[in-house]
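# Overview (structure and organization)
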Amino acid sequence: MPHVDSMHNHHEYDNEGHGSTHGPGHLPTREEFEERYAQSQQIWSGNVNATLVDEVADLRPGTALDVGCGEGADLQWLTDRGWGALGIDFAPTAVQRCLDRGLHAEVADYNEFEHEPFDLVSVHYGGIPATEEGVAKLEALTGDVLVFVHHDLESDAVAMPAWLAENLKELEVVKLDKRERRVEGGAGAHHSHDVVLVAKRPTEAAG
């Protein structure tokens, strides 16, 4: 598997999440995003990601982790629907904007984050490293359902949905498809398609 020296938990390019100024697959730094957040009181559209709504609206609320929570649109949607949701992000300004909305969020690097499993893990446009360690951590955090979404692109550094589907060891892939994006504004409006992976922990293992 490709080696990644460091990993940061950021959405890339979408209506709520982080985009790299260095192009697809680049792992942005905390400093890059702190500089970007300093330029505006809101850099993302503030709209929940449509794939989160599509895949989670009918699930029974439990605990949820939003990896790369940005300014908190997805986190807000989950919280409003009864989920005990926590967001993590490596940019202190992004986390503070979530806290200002009354949401639960903390500054954390994905590589260093430790927690008991969540019923739902949501990763939209995040930079999970394409390594055994990155996949193992993701599976360890997922108690039941993983919703993993990224743009239709390739990267040697960042795990993409199709690559992840081939490298999951504990979770079973239940859905892997390409969808048109429904975004009219915000930082990610120029991307036309997403690849969506939904995986679940086998019932016998989840108990």
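Basis of the calculations
Residues numbered from 1 in each chain as written. Predicted model: local features only at pLDDT ≥ 70, side-chain atom pairs only at ≥ 80, totals over all residues. Heavy atoms only, no water. Helix = DSSP H or I, 4+ residues; strand = E, 2+ residues; numbered from the N terminus. Buried < 20%, exposed > 50% of the residue type's maximum accessible area, 1.4 Å probe, protein only. Contact = heavy atoms within 4.5 Å. pLDDT = per-residue confidence, 0-100. Core = buried A, V, L, I, M, F, W, Y, C linked by side-chain atoms within 4.5 Å. Phe/Tyr/Trp six-rings, centres within 6.5 Å; stacked < 30°, edge-to-face > 60°. Pairing = 2+ DSSP bridges.

For the protein, an unreviewed UniProt entry supplies the name Methyltransferase domain-containing protein and the organism Corynebacterium striatum.

Let's shift gears to the overall build of the protein. The number of helices and strands found in the protein is 7 helices and 7 strands. Moving toward the C terminus, one meets the helices and strands of the protein in the order α-α-β-α-β-α-β-β-α-β-α-β-β-α. Every one of the 207 residues in the protein was classed for burial, and the buried ones make up 54%. Considering only residue pairs separated by 6 or more positions, the protein has 67% of its internal contacts joining residues 24 or more positions apart.

Our next topic: the confidence of the model for the protein. This prediction gives the protein a mean pLDDT of 84; 79% of its residues lie at or above 70. In the predicted structure, residues 1-24 sits below a pLDDT of 50 and forms 119 contacts with residues beyond four places in sequence or in another chain. Across residues 185-189, where pLDDT falls below 50, the model places 15 contacts with residues more than four positions away in sequence or in other chains.

One finds Leu 65, Val 121, Leu 146 and Phe 148 to be the most contacted residues of the largest nonpolar core, which totals 22 residues. At the level of elements, β1 (63-67), β2 (84-89), β4 (118-124), α5 (132-141), β5 (142-151) and β7 (193-200) are the ones that each hand at least two residues to this core. The contacts of Val 121, once residues within four sequence positions are left out, are Leu 65, Val 67, Leu 138, Leu 141, Thr 142, Val 145, Leu 146 and Val 147. With 20 residues, the next largest nonpolar core counts Leu 52, Trp 77, Trp 83 and Leu 103 among its residues.

Inspection of every chain in the model, using the stated rule, returns 2 aromatic pairs. Measuring from ring centre to ring centre gives 6.4 Å for Phe 33 and Tyr 37, while their planes differ by 50 degrees; the resulting arrangement is tilted. Here the residue Phe 33 and the residue Tyr 37 both occupy positions in helix α1 (residues 30-37), the gap between them amounting to 4 residues, near one helical turn. Relative accessible area serves as the criterion here: at 1%, Tyr 37 is assigned to the buried category. An angle of 55 degrees between the planes, with centres 6.5 Å apart, marks the rings of Phe 33 and Phe 90 as tilted. Note that Phe 33 is positioned in helix α1 and Phe 90 in the loop between β2 and α4 (92-100), a separation of 57 residues in sequence. With a relative accessible area of 0%, Phe 90 lands in the buried category.

The element β7 is extensively covered by neighbouring structure, given that 6 of its 8 residues are classed as buried. When β5 meets β7, the two strands line up antiparallel, connected through 7 bridges. Following the sheet pairing, Leu 146 is matched in β7 by Ala 199. Examined bridge by bridge, strand β6 (residues 172-180) and β7 share 8 bridges and lie antiparallel to one another. Looking across to β7, one finds that Val 173 is bridged to Ala 199.

What follows is about α5. The set of residues buried in α5 consists of Gly 134, Val 135, Lys 137, Leu 138, Glu 139 and Leu 141. Where α5 is buried, its residues contact β1, β4, β5 and α6 (161-167).

All right, on to the side chain of His 151 then. Structurally, His 151 is set in strand β5. Assessed through its relative accessible area of 1%, His 151 is described here as buried.

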